[in-house]
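Okay, here's what each chain looks like letter by letter:
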Amino acid sequence: MSDISTINLFDSDVSAEEANRRMALLKRESLDKPVLLVGAGTCGLGAGANATIRAAKEYLETNKIDADIVRVGCIGLCVIEPLLDVQLPGKSRLSLKQVTEDKVASLLEPVLAGKLPEEQDHIFGQFRPTGDQSAWEGAPYLDELPFFKTQTRFVLANCGVIDPTSIEEYIAHGGYQAAAKALAMSREDLCEEVEKSGLRGRGGGGFPAGVKWKLANKTQSDQKYLVCNADEGDPGAYMDRAVIEGDPHRLLEGMIIASHAIGADKAYIYIRAEYPLAIERLVIAIDECKKRNLLGDNILGSDFSLKIVIKKGAGAFVCGEETALLHSIEGKRGEPRPRPPFPAQSGAFGKPTIINNVETLANLPSIIERGAGWFASVGTETSKGTKVFALSGKIRLTGLVEVAMGTSLRQIIFDIGGGIPNDRKIKGVQIGGPSGGCVPEEKLDIEIDYESLKTVGAMMGSGGMVVMDEDNCMVDVAKFFMDFIQRESCGKCVPCRIGTKRMLQILEKICAGEYKAADLDMVMGKLEKQAKVTGVASLCALGQTAPNPVLSTLRWFKHEYIEHIGEGKCRSKVCRSLLTFEIDPETCTGCGLCKKKCPSDAITGEKKKAHTINAGLCIHCGFCLDTCAFDAVKAF
Amino acid sequence: MDGIENVLSRFSDAGPDSLIPILQDVQEDQGFLSPDSLAQIGEHLGISTSAVYGVATFYNQFRFHPLGKYPITICRGTACHVKGSSTILEALKTELEIEPGQTTEDGLFSIEIVACIGACGLAPVILIGDETYAAMTPSKARKLINKYRKRAKS
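Parameters and conventions
- Residues numbered from 1 in each chain as written.
- Chains lettered and ligands numbered in written order.
- Predicted model: local features only at pLDDT ≥ 70, side-chain atom pairs only at ≥ 80, totals over all residues.
- Heavy atoms only, no water.
- Helix = DSSP H or I, 4+ residues; strand = E, 2+ residues; numbered from the N terminus.
- Buried < 20%, exposed > 50% of the residue type's maximum accessible area, 1.4 Å probe, protein only.
- Contact = heavy atoms within 4.5 Å.
- Lys, Arg positive; Asp, Glu negative; His and termini not counted.
- Charge placed at Lys NZ, Arg CZ, Asp CG, Glu CD.
- Areas by Shrake-Rupley, 256 points an atom, 1.4 Å probe, with all protein chains shown as cover.
- Pairing = 2+ DSSP bridges.
- Buried area = accessible area lost by both parts, 1.4 Å probe.
- Salt bridge = Lys/Arg side-chain N within 4 Å of Asp/Glu carboxyl O.
- pLDDT = per-residue confidence, 0-100.
- Phe/Tyr/Trp six-rings, centres within 6.5 Å; stacked < 30°, edge-to-face > 60°.
- Lys NZ or Arg CZ within 6 Å of the ring centre and 35° of its normal.
- Axes fitted to C-alpha atoms, helices over the stretch in contact; angles between N-to-C directions.
- Parallel < 35°, antiparallel > 145°, perpendicular 65-115°, else oblique.
- Left-handed = near helix turned anticlockwise from the far one by under 90°.
- Nonpolar A, V, L, I, M, F, W, Y, C, P; charged D, E, K, R; others polar.
- Core = buried A, V, L, I, M, F, W, Y, C linked by side-chain atoms within 4.5 Å.

### Observations concerning the overall build of chain B
Helix and strand counts for chain B come out as seven helices and four strands. Once the C-alpha set of chain B is aligned to its principal axes, its extents read approximately 50 × 35 × 25 Å. Across the 154 residues in chain B, those meeting the buried criterion constitute 52%. Partitioning the intrachain contacts of chain B with sequence separation of at least 6 by distance along the chain shows that 58% fall at a separation of at least 24. Taking the average place of the 14 positive charges on the side chains of chain B and the average place of its 18 negative ones, the gap between the two points comes to 18 Å.

Structure representation (structure tokens):
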């Protein structure tokens with residue numbers, strides 16, 4: 001093994017003093033002018049970050065203030081965006097929330113003058129002061145806020161903090177030191193270290209990464225590949241997108257480490273075409289790496305070379321499955337094939353290929369830098385480290401959270417996520433996307449790890465966590481997932497193609513009220529049998545896990561199925577065919593809008609007088625309910 | 001040189017593994033994949049048109065008809081669903097009198113369903129062109145359509 005050159009940020013003729021000064025600037029420990037940092041991930045942009053940036057630029061120009069504007073990734077709290085952080089020389093970084101364009105001027109004026117704004121609602125908090133900084137008096141520290149307090153952020157450490165387009169900032173924050181360390185290690189030692197750390201695949205399966213690598217390492221071949229699976233297709237999951245948008249170099253560093261460990265000199269990133277911003281950030285990051293000899297030939301003077309190619313997925317959920325993904329990279333229909341041979345023996349273009357998920361790879365730099373023992377000290381007996389979850393649905397603080405394995409679902413939802421809005425009661429939480437399951441309220445105290453989730457009929461999956469309250473119908477939720485899965489079933493194997501369609505048809509008939517009370521046992525029996533057969537007989541993980549939403553709702557929310565079929569009732573008022581609509585004569589203003597919108601002319605009434613619905617003509621579409629601006633339409 | 005040849009020239013000595021990137025670039029250039037372009041791509045790569053069509057129809061990203069002037073993308077991910085995206089889809093369908101995957105007769109609007117945009121924190125979400133609209137309701141969606149109709153007239 002040749003000598004690995006150290007990573008130098010500055011040319012050798014830069015004096016030590018100057019290097020320190022520039023380093024402090026890159027780490028933002030010591031500034032020479034104010035910096036504004038705007039959360040400009042996809043979520044931030046959706047909330048209007050571009051308009052905020054435009055307004056901030058205008059403000060700086062009009063007031064002739066010399067300050068930098070930096071676009072950062074998502075810090076994880078999507079619900080309070082747009083986020084605008086201000087850091088003044090000698091002061092800690094202050095974070096302002098919900099800074100829409102109209103708020104920019106009134107918030108920047110006091111803050112740039114070193115005073116907290118009077119609009120307290122917009123103060124999110126401040127970072128801990130470092131270097132020569134002093135704290136803001138009266139602003140809470142971010143790490144003391146409930147949202148951050150219980151989190152353990154390894155993978156997300158830089159997200160929303162550093163400039164994702166600057167390799168210098170990543171290096172200044174300790175980046176690429178682990179890659180240099182890994183390059184000096186033998187492949188065997190590297191595989192051993194990762195196996196010892198206990199890191200398991202974060203894409204869903206939970207297979208130990210080090211064990212998988214060893215398999216590829218043992219296979220002799222002239223060419224091996226590493227594939228990063230960034231085809232984050234689970235509806236309700238967006239952590240991979242956030243990591244790539246906010247800290248792309250962490251992923252690339254992980255890929256360098258993994259490629260070296262298996263001896264691959266070519267790697268692919270298979271990423272959804274629906275993530276244009278993430279792709280843009282990756283292109284920049286790869287370019288920067290090439291300039292600094294962190295990618296390309298003889299990386300850092302070692303005998304290891306690596307080329308990374310971005311492959312844009314074309315929208316097929318099944319391509320999250322390893323063998324389907326490989327077919328897609330080869331330019332074919334993304335259909336899975338039976339295993340063995342496993343991709344580690346024969347993968348892309350018939351060569352040994354290791355496929356790792358974004359989060360798995362993003363964990364590697366810290367593991368190599370701080371050691372397997374450190375990583376293994378966090379988490380539970382069988383699941384080490386942390387997991388990033390995408391919290392969404394009926395929860396106050398939607399966003400990205402990273403917690404140590406073993407944290408309970410209740411802690412995540414109530415302590416970090418702030419609980420359920422609008423005084424509603426939680427019904428359950430759907431974990432792991434369409435392949436996962438619904439965990440009911442009474443099981444929220446389980447400690448999250450790969451095994452415990454399986455005991456309640458769910459799975460880790462990629463980490464989507466959708467919270468449901470009493471307004472969500474669990475039969476409808478099962479129908480929603482089955483509709484998704486049967487559309488995404490590739491059609492190659494019969495059990496999945498027909499099985500998912502049959503389950504969907506049964507669920508549709510239940511929600512449409514087409515079964516009678518006498519059908520109850522027959523319907524439930526059929527649905528359960530169909531679910532089991534599909535799970536056992538399907539070719540790939542998509543079909544094998546497709547019945548999970550049905551099986552888990554049948555297990556924990558059977559009473560809702562019984563109510564739908566046996567009593568023709570949907571307690572959550574979601575299945576409209578089972579509802580009766582009435583207009584409350586007291587609240588109705590007689591505006592006539594519902595009458596206009598009713599497609600079956602079931603609503604009658606004179607202008608400015610209370611209207612009525614003719615139950616015989618009503619087709620239960622619910623348009624009147626959606627249209628009424630006065631909440632006069634009631635559903636029973 | 002017309003658009004498709006221009007795209008194909010960027011893949012001058014590409015093999016069949018470049019089929020998907022080529023389809024993506026051609027669609028970006030032309031807005032959709034016409035029967036002629038599928039045939040041309042096949043010829044370029046030395047694979048049959050039916051094989052090209054087989055791959056193109058497998059993936060959700062590819063379209064075989066032009067999009068509307070204001071293409072509407074509605075997110076039907078889980079987070080959007082539990083916050084009522086199905087009622088928004090219904091509202092769009094009745095307002096525009098088209099189904100997902102179709103374009104209105106006047107060529108103004110088309111509806112596409114996407115599994116998840118990844119902006120779950122802003123659910124339910126629709127996109128019109130590149131513009132994101134968060135926390136939608138059926139009535140907000142209808143108002144938005146009317147806004148775009150007016151914009152098209154002026």
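Read on for the rest.
### Focus on the overall build of chain A
When helices and strands are tallied, chain A shows 25 helices and 18 strands. Dimensions of chain A along its principal axes, counting C-alpha atoms only, are 90 × 65 × 40 Å. Contacts in chain A between residues at least 24 apart in sequence constitute 69% of all its contacts with a sequence separation of at least 6. With the model as given, the accessible surface of chain A reaches about 24700 Å², and the carbon-plus-sulfur share is 49%.

### Describing the pairing of strand β11 (residues 399-404) of chain A
The two faces of the sheet receive side chains in turn, since in a regular strand these alternate between them. Residue and element names in this part refer to chain A. With six of six residues buried, β11 lies mostly within the body of the structure. Covered by surrounding structure in β11 are Gly399, Val401 and Val403 together with Leu400, Glu402 and Ala404, the residues of both alternating faces. Relative to β11, strand β10 (residues 386-393) runs antiparallel, the two sharing six bridges. When the bridges of β11 are listed, Thr386 appears paired with Ala404. Linking β10 back to β11 in an antiparallel pair, the connection comprises five residues.

### Side note on the interface of chain A and chain B
On the side of chain B, 38 residues touch chain A, which itself brings 50 residues to the contact. Both faces considered, chain A and chain B share a buried interface measuring about 3300 Å² in area, 59% of it formed by carbon and sulfur atoms. On the chain A side of the interface with chain B, the three residues burying the most area are A:Ala314, A:Arg333 and A:Phe480, jointly 17% of the side's total. Scanning the region where chain A abuts chain B turns up one salt bridge.

### Side note on the confidence of the model for chain B
Of the residues in chain B, 99% reach a pLDDT of 70 or more, and the chain-wide mean stands at 91. Interface predicted TM-score (ipTM) for the complex: 0.88; the corresponding pTM is 0.93.

### Things to note about the packing of aromatic side chains
On inspection of all chains with the given rule, the structure shows 15 aromatic pairs over all chains. With 5.0 Å between their ring centres and 75 degrees between their planes, B:Phe58 and B:Tyr59 make a pair best called edge-to-face. Here B:Phe58 matches B:Tyr59 in class, with each residue buried. Site record: aromatic cluster; members linked through ring pairs are B:Tyr70, B:Phe109, B:Tyr133 and B:Tyr148. Between the NZ or CZ atom of A:Lys91 and the centre of the ring of A:Trp136, over which it lies, the distance is 4.6 Å.

### Some words on the sheet that holds strand β13 (residues 437-440) of chain A
Each strand in a sheet pairs with another by means of backbone hydrogen bonds, the pair being arranged parallel or else antiparallel. Residue and element names in this part refer to chain A. Judged by pairing direction, the sheet is mixed, and its five strands sit side by side in the order β11-β10-β14-β12-β13 without closing on themselves. Both edges of this open sheet fall to β11 and β13, since each of them pairs with a single strand only. Across the sheet, the axes of successive neighbouring strands diverge by a mean angle of 30 degrees, strand direction being ignored. As paired elements, strand β12 (residues 426-431) and strand β14 (residues 464-469) share five bridges and run antiparallel to each other. By the bridge assignment, Ile431 is partnered in β14 with Met465.

### Side note on the side chain of A:Arg28
Residue and element names in this part refer to chain A. Relative to the helices and strands, Arg28 resides in the loop between α1 (16-26) and β1 (35-39). On the basis of relative accessible area, Arg28 is assigned to the buried category, the value being 9%. Every residue in contact with Arg28, bar those within four places of it in the chain, is listed here: Val35, Leu37, Val70, Gln87, Gln133, Val161, Asp163 and Glu169.

### Some details on the sheet that holds strand β1 (residues 70-75) of chain B
Residues and elements named next belong to chain B. What the four strands build is an open sheet, ordered β2-β1-β3-β4; its pairing is mixed. Of all strands in the sheet, those bounded by a partner on one side alone are β2 (109-114) and β4 (131-133). Neighbour to neighbour, the strand axes of the sheet diverge by 25 degrees on average, direction disregarded. Sheet topology places β1 next to strand β3 (residues 126-128); three bridges connect them, and they run antiparallel. Of the residues in β3, the one forming a bridge with Ile74 is Ile126. On the sheet, helix α6 (residues 85-96) packs against β1, β2 and β3 and is oriented at approximately 155 degrees with respect to β1.

### Some remarks on the pattern of salt bridges
Two side chains bearing opposite charge may form a pair once their charged atoms approach each other closely. According to the stated counting rule, one finds 41 salt bridges over all chains in the structure shown. We note a salt bridge from A:Arg128 to A:Asp143, for which the minimum N-O separation is 3.0 Å. Of this pair, A:Arg128 sits in the loop between β5 (123-126) and α5 (146-149) while A:Asp143 sits in the loop between β5 and α5; the two residues are 15 residues apart in sequence, bridging distant segments of the chain. A:Arg128 sits in the partly exposed class, given a relative accessible area of 39%. Its relative accessible area of 38% is what places A:Asp143 among the partly exposed residues. One salt bridge in this structure joins B:Glu95 and A:Lys597, with 3.9 Å as the shortest N-O distance. With B:Glu95 in helix α6 and A:Lys597 in helix α24 (residues 593-597), the pair connects residues from two separate chains. Residues joined by salt bridges that share partners form a network here, namely A:Lys597, B:Glu95, B:Arg142 and B:Arg149.

### Structural notes on the packing of helix α3 (residues 49-62) of chain A against helix α4 (residues 104-112) of chain A
Residues and elements named next belong to chain A. At a minimum axis distance of 10 Å, the contact between α3 and α4 shows a crossing angle of 50 degrees. In terms of orientation, α3 lies oblique with respect to α4. Seen along the crossing, α3 lies across α4 with a hand that is right-handed. Taken together, the residues of α4 that come into contact with α3 (itself represented by Thr52, Ala55, Ala56, Tyr59 and Leu60) are Val104, Ala105, Leu108, Glu109 and Leu112. Tallied by class, the residues present in the contact of α3 with α4 amount to eight nonpolar, one polar and one charged.

### Overview of the nonpolar core
Nonpolar side chains tend to gather and get buried jointly when the protein is soluble and globular. All names here are of chain A. By size, the foremost hydrophobic cluster in this structure holds 134 residues, and its most contacted members are Tyr176, Leu252 and Met255. Here this core gets eight residues from one element, more than from any other, and that element is helix α11 (residues 248-262). The contact partners of Tyr176, leaving out residues within four places of it in the chain, are Ile7, Ile167, Tyr170, Ile171, His249, Leu252, Glu253, Ile256, Cys289 and Leu294.

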